[in-house]
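Next come the chains, spelled out residue by residue.
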Amino acid sequence: MSLNAESTAFRSALEVIRAVEPRVADAIGAELADQRESLKLIASENYASPATLLAMGNWFSDKYAEGTVGRRFYAGCQNVDTVEALAAEHARELFGAAHAYVQPHSGIDANLVAFWAILADRVESPALKKAQVRQVNDLTEADWFALRRELGNQRMLGMSLDAGGHLTHGFRPNISGKMFDQRSYGTDPATGLVDYDKVAEAAREFKPLILVAGYSAYPRKVNFRIMREIADSVGATFMVDMAHFAGLVAGKVFTGDFDPVPHAHIVTTTTHKSLRGPRGGMVLCGPELAGQVDRGCPMVLGGPLPHVMAAKAVALAEARRPDFANYAQRIVDNAQALAEGLLRRGAKLVTGGTDNHLVLIDVSGYDLTGRQAEQALLDSGIVTNRNAVPQDPNGAWYTSGIRIGTPALTTRGLGTAEMDQTAELIHTVLSQTKPGESKAKYVLDPALADKVSKQASELLTGFPLYPAVDLG
Ligand code: PLP
């Protein structure tokens, strides 16, 4: 698409929206302006391409398409079939997976599909076989009651939240924690790294049905070959949630033992983080689980979002281009430059650095809570989020960490030199912020915040966001 065409497309869309509800058009325009001006270091965010964004805003949104490609519960799904099949094909080719299910609306949905596919395979199917019936509706009331109890009595082992795991990996506030008896593995207190011997020990003791790997805030690679061996040794199904680092897998930065696809029984992901697609989820698996995964709707999903599947097809096609590998490598180069810049200036980092797209600053080194640091950085034009660090004394709300990531700024074109300047800005703000009278309060000279804000926007001026889009 030419630069001019992008501008025309977005301007026209806003004009049409403005005619109905101008405040929505204004908010959309304001969001672009805000995103253009902020130094976005949120590790889970990115900027999707104009083609991906435009693929979402159309009449595919109007279509119901429950079922799977070629087997729908609604008539007239031939065009949805086209985009769903294309998205799945791109996903299979990109990740080298036997099967891809592209309907999940988000990461949490993808995980729910995976959990229930595993439960269906390992608990429900044997129960149906034992009762000699084909489907759950054919079970007696007594057998159905027994199966429901059995489904609700399974174990999961996943990474602890403070070590970087995700809420959807069996934690009580999330439905996964209510479904499963969960135990978690942490990281080595001395190094901050996953201790595979400890994971193996926990697996031997707990004997989980599912071993989960994957994280939201762990700045290192995970060896999925070793994790699979641990899962096999206790008969667990090995699931990897690669939501955060899918772009690094797609871009072949994580290969061999660090690529989850050849090692896991099932892999879930979001499509909007380092993968740079639309907001959504996806499940990859081998032929053994494919049939169960395809029952995502009606198992835990309703109708798919065809407009988002269209955008997934576009984004996955983009990720198959040779320049995506270059992008993925630059994400990691930038994260490492940011980590080195911070370390050189005296910051304390969890694990002492990074080998992926994110860096976790332990802001107790600046005598701040994560909450204070997050807000002080935001006052200074730097958008991050607070995050627990291992064994965090401030808990999950105030925290002692700031998580920063490079996928978004790398999309904008910033490189390692700019990462060093970013480290300087972050360190300046954190070292000049003083704790206030509560874990949320802090003291930061507004003039300094203003100065850093200006420096942050100067840093961005050479790297325009959606340069072709001029909203006038
Ligand atoms: N899994 C991991 C590892 C995540 O980091 C996230 C989101 O942050 C999710 C799942 C949930 O994704 P979503 O917000 O799309 O439901």
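Where an unreviewed UniProt entry is consulted, the chain appears under the name Serine hydroxymethyltransferase, with the organism given as Micromonospora globispora. A UniProt comment under Subcellular location (unreviewed entry) is attached to the chain, and it reads "Cytoplasm". Among the UniProt annotations of the chain, the heading Catalytic activity (unreviewed entry) holds the following wording: "(6R)-5,10-methylene-5,6,7,8-tetrahydrofolate + glycine + H2O = (6S)-5,6,7,8-tetrahydrofolate + L-serine".

A. Just the packing of aromatic side chains, in detail. What the rule picks out here adds up to eight aromatic pairs. Ring geometry for Tyr64 against Tyr74: centres 5.1 Å apart, planes inclined by 10°, an arrangement best described as stacked. Of this pair, Tyr64 sits in the loop between α3 (50-56) and β2 (67-68) while Tyr74 is found in the loop between β3 (71-72) and α4 (78-95), placing the two residues 10 residues apart along the sequence. For Tyr64, a relative accessible area of 44% corresponds to the partly exposed category. An aromatic cluster is defined as three or more aromatic residues linked by ring pairs; in this entry it consists of Tyr215, Tyr218, Phe224, Phe245 and Phe254. Above the plane of the ring of Phe258 lies Lys221, whose end atom (NZ or CZ) is 4.5 Å from the centre. Positioned above the aromatic ring of Trp397, the side-chain terminus of Arg386 is 4.5 Å from the ring centre.

B. Geometry of the site of the ligand. Close to the ligand lie 13 residues; Gly107, Ile108, Ser216, Asp241 and Lys273 are nearest. Between the ligand and the protein, one listed contact pairs a nitrogen atom with a side-chain N or O atom of Asp241 at 2.6 Å. One nitrogen or oxygen atom from the side chain of His244 is found 3.4 Å from an oxygen atom belonging to the ligand. Taken by itself the ligand offers 390 Å² of open surface, and the protein chains cover 82% of this. Here the shell around the ligand gets three residues from one element, more than from any other, and that element is helix α5 (residues 107-131). Class assignment of the residues belonging to the shell around the ligand gives a composition of three nonpolar, eight polar and two charged.

C. The UniProt feature "site: Plays an important role in substrate specificity" (unreviewed entry) in the chain, seen in detail. UniProt tags His272 as "site: Plays an important role in substrate specificity" (unreviewed entry). Here His272 lies in the loop between β9 (266-270) and β10 (281-285). His272 sits in the buried class, given a relative accessible area of 11%. Excluding its chain neighbours within four sequence positions, the residues that come into contact with His272 are Ser44, Asn46, Gly277, Pro278, Arg279 and Gly280. Looking at His272, its side chain comes within polar contact range of the main-chain nitrogen of Gly280, at 3.0 Å.

D. Expanded view of the pattern of salt bridges. Using the criterion set out here, one finds 20 salt bridges in the structure. Glu45 is paired through a salt bridge with Lys40; the nearest N and O atoms lie 3.1 Å apart. With a relative accessible area of 6%, Lys40 lands in the buried category. Each of Arg344, Arg345, Asp420 and Glu424 takes part in one network of salt bridges that share partners.

E. Region of interest: the domain arrangement of the chain. Under the domain assignment, the chain is made up of domain 1 (61-319) and domain 2 (324-460). Each of domain 1 and domain 2 has a C-alpha centre, and the two are 31 Å apart. Of the roughly 2100 Å² buried at the junction of domain 1 and domain 2 (both faces included), carbon and sulfur atoms supply 59%. At the boundary of domain 1 and domain 2, one finds one salt bridge.

Each value, and the rule that gives it
Residues numbered from 1 in each chain as written. Predicted model: local features only at pLDDT ≥ 70, side-chain atom pairs only at ≥ 80, totals over all residues. Heavy atoms only, no water. UniProt positions renumbered as here; feature names shortened; annotations may be inferred. Phe/Tyr/Trp six-rings, centres within 6.5 Å; stacked < 30°, edge-to-face > 60°. Helix = DSSP H or I, 4+ residues; strand = E, 2+ residues; numbered from the N terminus. Buried < 20%, exposed > 50% of the residue type's maximum accessible area, 1.4 Å probe, protein only. Lys NZ or Arg CZ within 6 Å of the ring centre and 35° of its normal. Near = heavy atom within 4 Å. Polar contact = N/O pair within 3.5 Å; in protein donor to acceptor, adjacent residues only side chain to side chain. Areas by Shrake-Rupley, 256 points an atom, 1.4 Å probe, with all protein chains shown as cover. Nonpolar A, V, L, I, M, F, W, Y, C, P; charged D, E, K, R; others polar. Contact = heavy atoms within 4.5 Å. Salt bridge = Lys/Arg side-chain N within 4 Å of Asp/Glu carboxyl O. Domains from an automatic or database assignment. Buried area = accessible area lost by both parts, 1.4 Å probe.

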